[in-house]
Structures are given as C-alpha cells and as structure tokens.
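Close look at the chain arrangement
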Amino acid sequence: PNIGWDRKPEFAANTNPEVVREVVRLCLAAGASRVKVFDRTCNDPRRCYVSSGISAILEAEQDERIELSQVDERKFRKVESPEATVLKRGSYYEDVLEADCFINVPVAKHHSASGLTIGMKNIMGVIGGNRAVLHRRLAEALVDMNRVVRSHLTIVDATRVLTANGPQGGRIEDVETLGTVLASADVVAADAVTASLFGKSSDDLPYLQLAEAKGLGVSELSRIRLKVLGA
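Summarised in this report is the structure supplied together with it. Predicted model, so just to flag it, every value in this text is computed and none were measured.

The subject of this paragraph is the pattern of salt bridges. Per the counting criterion, the structure on display carries 16 salt bridges. The partner of Lys36 in a salt bridge is Asp95, and the shortest N-O contact between them spans 3.8 Å. Of this pair, Lys36 sits in strand β1 (residues 35-37) while Asp95 sits in helix α4 (residues 94-98), and the two are 59 residues apart along the sequence. With relative accessibility at 40%, the residue Lys36 sits in the partly exposed group. One network of salt bridges, with partners in common, ties together Lys36, Lys75 and Asp95.

Shown next as structure tokens:
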C-alpha cells in the first residue's frame, strides 16, 4: 500500500486502512503463510504508519502471520536492467524480489509530476536511492521499474480519491468519495481504468502509452474487459 505521507485516512494521501485490512484478510484466507505490508515512506515512517491508520488496523487483527514493518534500507539490492531506458541499475527491495506474490495496493490520486499516481507510480515505494532524480524522465523510469517489479495483482483504492494538490494533499475539499475498488492482473489496465474516473485517458498520461508500447499491458479502454460488481 501507499503509506508515504503523514496524513490521516480522510485526506486520501495513503491507501485506505480498511482496504489494506481486507486485502490482508483475503490473502490469509487464500492460504498465505505470511503477509508482509510495507512502504518506503516520504515523511517520517513512524508517523506515516500511525497517521495513515494502517498500523492500528493491522495490529488489531492480532494475527502473527501479518508482518507490518518499516523499510530497512539495508535490504535494497542492486538489479541490472540492460533493456531499461533510464534505470539500467536500480535498487529494489529484497522482500519484493523474493515474494511468492506481490500485490500492489495504491490509492488513486492527483500527482503534480505524473498527472496521476496509481499502480505504476506506486512502485516507487519499493525503490531505493534518490527517487527524486527519476522524475526528470518519469515516464521512462516508471516503465523501467515496472519491468523489474511485476505486480501479480494491482488493487486500486478509489474509495476516497485526491483530486488536487497531490501526492501529499492536506485539504479535505480536494477529496472526493467514490466508494470504488478496482483490481487487475494488468497494472497498466488498472491505471487506465482508474484514470477514467478522473476524466483522463492514456492520451493524458504518457507513461501509460509507453508502458503499452513496451508490452507491459493494455492502456486503451476499448480493449479492456470490465466486470463490475455491486455493493
């Protein structure tokens, strides 16, 4: 999940803790022996984990199979990516590289640099080093990262979305309640469909077009099959 900011759940800067709890419960019900939950935060990690509500809601489960931990900087590994455009040698979190299943649980929100931050951008949370420099060629960097870290499943929290002043937010008036969760094995498709909730398409988000061109998924809405489940 996105736990990057020292913000309470109502500000929609982080993944909704109730969505995180439900995903964890479903993983355990499906037979997972351990579920690890973490993010490399932007603000102080201790404050982010508490303010987001994720720490309290998972601790309340009282299940030793759930491991909520702050990122350990010693656990980043260098990965060579000769086919990459800008990130030919990057640092990626060991727990992700070794996971049997990696589930990407972003919150959908506005982002001042990329337009929106959803599944592909959320991979920033498992990248080491100076992430700020990647924003110079962000579209290419996002594709490079998502070629190394493949999300087996992307579950997008659009229960409350941040429509402006992202990614950190801080104003309730920038938050819109949609009560929606989207899921796909195709992170590009997940981002494309979520973008439509903001009135945007892949034409507005160059990284989605590039991701499809590089074979990471489908960004054209007309080619994505939707299955809508009611409440």
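Moving on, we come to helix α7 (residues 187-197). When you tally the buried positions in α7, you get nine out of eleven residues, the bulk of the element. Every buried residue of α7 is accounted for by Val187, Val188, Ala189, Ala190, Asp191, Ala192, Val193, Thr194 and Ala195. Two to three positions downstream of the cap, the backbone nitrogen of Val188 sits 2.9 Å from a side-chain oxygen, assigning the N-cap of α7 to Asp186. Gly199, located one to two residues past α7, shows a positive phi value of around 75°.

Attention now moves to the nonpolar core. Val24, Leu58, Met120, Val126, Met145 and Tyr207 are the most contacted members of the largest nonpolar core, which has 61 residues in total. The biggest single contributor to this core is α7, with seven residues. Apart from residues no more than four positions distant in its own chain, Met145 is found in contact with Leu87, Tyr92, Ile123, Met124, Ile127 and Leu134.

Moving on, we come to the environment of Ile103. The topology assignment puts Ile103 in strand β5 (residues 103-104). A C-alpha to C-alpha distance of 9.6 Å links Ile103 and Cys27, two positions 76 residues apart in sequence. In this structure, Ile103 is in contact with Val23, Cys27, Leu153 and Ile155, ignoring residues within four places of it in sequence.

Moving on to the packing of helix α6 (residues 138-148) against helix α8 (residues 206-213). One way to put it is that α6 packs onto α8 with a least axis distance of 9 Å and a crossing angle of 45°. In terms of orientation, α6 lies oblique with respect to α8. Crossing of α6 against α8: the hand is right-handed. Listed contacts from α8 to Ala139, Glu140, Leu142 and Val143 of α6 are Pro206, Tyr207, Leu210 and Ala211. Looking at the contact of α6 with α8 residue by residue, the classes come out as seven nonpolar, no polar and one charged.

The next thing to look at is the packing of α7 against α8. Running from N to C, α7 and α8 point in directions that differ by 150°, and their axes come no closer than 10 Å. The orientation of α7 relative to α8 falls into the category roughly antiparallel. In the packing of α7 onto α8, the handedness of the crossing is left-handed. On α8, the residues that touch Val188, Asp191 and Ala192 of α7 are Tyr207, Leu208 and Ala211. Split by residue class, the contact of α7 with α8 holds five nonpolar, no polar and one charged.

Take the environment of Arg89 next. Residue position: Arg89 is located in strand β4 (residues 89-93). Between the C-alpha atom of Arg89 and that of Glu220, which follows or precedes it by 131 residues, the distance is 30 Å. Residues contacting Arg89, with those up to four places away along its chain left out, are Lys78, Val79 and Glu80. A polar side-chain atom of Arg89 sits 2.7 Å from a polar atom in the side chain of Glu80.

Quick look at helix α1 (residues 17-29) now. Spanning 13 residues, α1 covers 18 Å between terminal C-alpha atoms, matching the ideal 18 Å at 1.5 Å per step. Every buried residue belonging to α1 is among Pro17, Val19, Val20, Val23, Val24, Cys27 and Leu28, and all of these are buried. Structurally, α1 contributes buried residues whose contacts are with β1, α3 (54-59), β2 (66-68), β5, β8 (153-162) and β9 (175-184). With a side-chain oxygen lying 2.9 Å from the backbone nitrogen of Glu18, the N-terminal cap of α1 falls on Asn16.

Reading the values: the criteria
Residues numbered from 1 in each chain as written. Predicted model: local features only at pLDDT ≥ 70, side-chain atom pairs only at ≥ 80, totals over all residues. Heavy atoms only, no water. Salt bridge = Lys/Arg side-chain N within 4 Å of Asp/Glu carboxyl O. Helix = DSSP H or I, 4+ residues; strand = E, 2+ residues; numbered from the N terminus. Buried < 20%, exposed > 50% of the residue type's maximum accessible area, 1.4 Å probe, protein only. Polar contact = N/O pair within 3.5 Å; in protein donor to acceptor, adjacent residues only side chain to side chain. Core = buried A, V, L, I, M, F, W, Y, C linked by side-chain atoms within 4.5 Å. Contact = heavy atoms within 4.5 Å. Axes fitted to C-alpha atoms, helices over the stretch in contact; angles between N-to-C directions. Parallel < 35°, antiparallel > 145°, perpendicular 65-115°, else oblique. Left-handed = near helix turned anticlockwise from the far one by under 90°. Nonpolar A, V, L, I, M, F, W, Y, C, P; charged D, E, K, R; others polar. Expected span 1.5 Å × (residues − 1).

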